[in-house]
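Structural features, examined
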Amino acid sequence: MIDIEKIPSPCYVMEEELLRKNLTLIKRVADESGAEIILAFKSFAMWKSFPIFREFIDHTTASSLYEARLAFQEFGSRAHTYSPAYVEEEFYDIMHYSSHITFNSFSQFRRFYPFVEKSDEKISCGIRINPEYSEVEVELYNPCAPGTRFGVTADLLPDTLPEGIDGLHCHCHCESDSYTFEHTLQHIEEKFSKWFSQIKWINFGGGHLMTRKDYDVKHLISLIKSFKQKYPHLEVILEPGSAFTWQTGVLVSRVVDIVESRGIKTAILDVSFTCHMPDCLEMPYYPKVRGAETLEGHKYEDGDEKRNIYRLGGNSCLSGDYMGSWKFDHELQIGEKIIFEDMIHYTMVKTNMFNGINHPSIAIWHINNQLEFYKVFKYEDYRDRMA
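Conventions adopted
- Each chain has its residues counted from 1, following the order in which its sequence is written.
- The predicted origin of the model limits local features to residues at a pLDDT of at least 70 and limits the giving and counting of side-chain atom pairs to 80 or more, whereas totals for whole chains, interfaces and linings rest on all residues.
- As a rule here, side-chain values come from all non-hydrogen atoms in the structure, and water together with hydrogens is ignored.
- Exposed residues in this analysis have more than 50% of their type's maximum accessible area, buried residues have under 20%, and partly exposed residues fall in between, with area computed by a 1.4 Å probe over protein chains only.
- Numbering of helices and strands runs from the N terminus; a helix is a DSSP stretch of H or I covering at least four residues, while a strand is a stretch of E covering at least two.
- When DSSP finds at least two bridges between two strands, those strands are taken to pair.
- With the strands aimed away from the viewer, a crossover counts as right-handed if its path from the first strand over the helix to the second runs clockwise.
- A side-chain nitrogen of Lys or Arg and a carboxyl oxygen of Asp or Glu constitute a salt bridge if their distance falls within 4 Å.
- Side-chain atoms within 4.5 Å are what join buried Ala, Val, Leu, Ile, Met, Phe, Trp, Tyr and Cys residues into a set we call a nonpolar core.
- Contacts are assigned to residue pairs that have any heavy atoms within 4.5 Å of one another.
- Identification of polar contacts relies on pairs of N or O atoms within 3.5 Å, with a donor-acceptor requirement for protein atoms, meaning one able to donate a hydrogen and the other able to accept it, and with residues adjacent in sequence counted only if both atoms are side-chain atoms.
- Aromatic pairs are defined between Phe, Tyr and Trp rings, using the six-membered ring for Trp, whenever the two ring centres lie within 6.5 Å; interplanar angles under 30 degrees are classed as stacked, those over 60 as edge-to-face, and all others as tilted.
- Take the number of residues in a helix, subtract one, and multiply by 1.5 Å to get its expected span.
- This arc corresponds to the set of directions leading from the helix axis out to the C-beta atoms.

A separate point is the pairing of strand E8 (residues 165–169). With five of five residues buried, E8 is to be regarded as a mostly interior element. Here E8 pairs with strand E9 (residues 201–203) via three bridges, running parallel. Bridge pairing in E9 places Leu168 opposite Ile202. Handedness of the crossover joining E8 and E9 through helix H6 (residues 178–192) is recorded here as right-handed.

Given below as structure tokens:
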């Protein structure tokens, strides 16, 4: 456990020991199943930690030119790249930084594959498919929702895939379990297996939360092994994001004021849900707060202010920059630290500097109990973003 008293506020802190635990499990799944598991930058891209990742995995997945460049220059290998839409002025660089390029539509493939053919780079191309099946309940995160802009449905695939299509790529999960993957596999095989003989690889995307405590890892391994036995020529790829950094660190904040209105107490923090934890508002979901009971859906009643029930408010001027309620076992004090658990994935990659609010520092707590700061943000970081 990190020593919170040594952590300045605000600060994201990842624990190396917990990260290595997740990486060890992911490598075990890859080794035992025969699949390649790669890191999706859309969830986590803290590049100064990449030397640790490279001890366990070889590749990453990118969704843009900058992510592909990060893979090439900082991770040390070319990216598996997918974007809903490429643009010509970036595509030459994307080819240079990518080993795999997946197209979202055949119109994109027809437009850009001629560039791949003429390139000296060795690139394997694929097409994203939409199996029209997903158990993701929140539509904001459901890539197979009606009217989705992602992927090609089976009825739009020609009997013979165009020359240059080496693989199929799908993404149907969000923090899902292995049994959801089993259901998805059934739909993918039913709709797309007739094309399997024409391809070399299949990428089952992200959302496989194999590092969650209740995840059935043995079941996942058996599913992949069974699939590979049926289709031995196919390379299987998984590209989870959250699984790599699930429960590997916290966001440290502190109470800077406490205000009360009509019996509702709000502890205003030196962090912002809008700026630093946007997924909480978008999903929405209540983050776990250390030492507090989450009262999701709680309606304030008379006397709540005396029962140590608080909203937690951000420090931006946006009216909706708050969540509530949490019940503490004591009355909060100004200056007291508030610890948000599991704040490493889908946080730093989505933060912003709305209102000119400073970004929390980024640090890692090493296994030798030493704290290393990867980045401390200053005024110049805000100024340069606004240029």
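Here the narrative resumes.
Attention now moves to the pattern of salt bridges. Enumeration according to the criterion identifies 17 salt bridges in this entry. Connected through salt bridges with shared partners, the residues Glu16, Arg20 and Glu55 form a single ionic network.

Formed by 102 residues in total, the largest nonpolar core has its most connected members in Phe53, Phe196, Phe204 and Phe340. Here Phe196 is in contact with Leu168, Ile188, Glu189, Ile202, Phe227, Tyr231, His233 and Leu234, once residues within four sequence places are set aside. Cys11, Val13, Ile339 and Trp365 belong to the second largest nonpolar core, which has 10 residues in total.

To continue, consider the side chain of His171. One can find His171 in the loop between E8 and H6. In terms of polar contacts, His171 uses its side chain to reach the backbone carbonyl oxygen of His173, at 3.4 Å. Within the structure, the side chain of His171 is placed 2.9 Å from the backbone nitrogen of Gly206, a separation counted as a polar contact. Discounting chain neighbours no more than four positions away, the residues touching His171 are Lys42, Arg128, Pro143, Cys144, Gly205, Gly206 and Gly207.

Counted according to the given criterion, the structure contains 25 aromatic pairs. Geometrically, the ring pair formed by Phe50 and Phe53 is edge-to-face, given 6.3 Å between the ring centres and 85 degrees between the ring planes. Within this pair, Phe50 and its partner Phe53 are both found in helix H2 (residues 50–53), separated by three residues, close to a single helical turn. Exposure class is identical for Phe50 and Phe53. Each is buried. Here Tyr86 and Phe103 contribute two aromatic rings whose centre-to-centre distance is 5.6 Å and whose plane-to-plane angle is 75 degrees, an arrangement assigned as edge-to-face. In this pair, Tyr86 is assigned in the loop between strand E5 (79–83) and helix H4 (88–97) and Phe103 in strand E6 (residues 98–103), connecting sequence segments 17 residues apart. Given a relative accessible area of 3%, Tyr86 falls into the buried group. Here the aromatic residues Tyr86, Phe91, Tyr92, Phe103, Phe109, Phe112, Tyr113 and Phe115 are joined through ring pairs into a cluster of three or more.

Let us look at helix H1 (residues 16–33). Taking 1.5 Å as the rise per residue, H1 with 18 residues should run 26 Å; its terminal C-alpha atoms sit 26 Å apart, in good agreement. For H1, the set of buried residues is Glu16, Leu19, Asn22, Leu23, Ile26, Val29, Ala30 and Ser33. Each buried residue of H1 sits inside an arc of 145 degrees when the element is viewed along its axis, so together they form one side. The outward face of H1, more than 90 degrees from its buried face, is lined by the exposed residues Glu17, Lys21 and Asp31. In this structure, the buried side of H1 is in contact with strand E1 (11–15), strand E2 (36–37), H2, helix H7 (217–230), helix H8 (242–245) and strand E17 (361–365).

Structurally, the position occupied by Ser33 is in helix H1. On the accessibility criterion, Ser33 (5% relative accessible area) is buried. At 2.6 Å, the side chain of Ser33 and the backbone oxygen of Val29 are in polar contact. Here the side chain of Ser33 touches Ala35 through a polar contact of 3.2 Å, landing on its backbone nitrogen.

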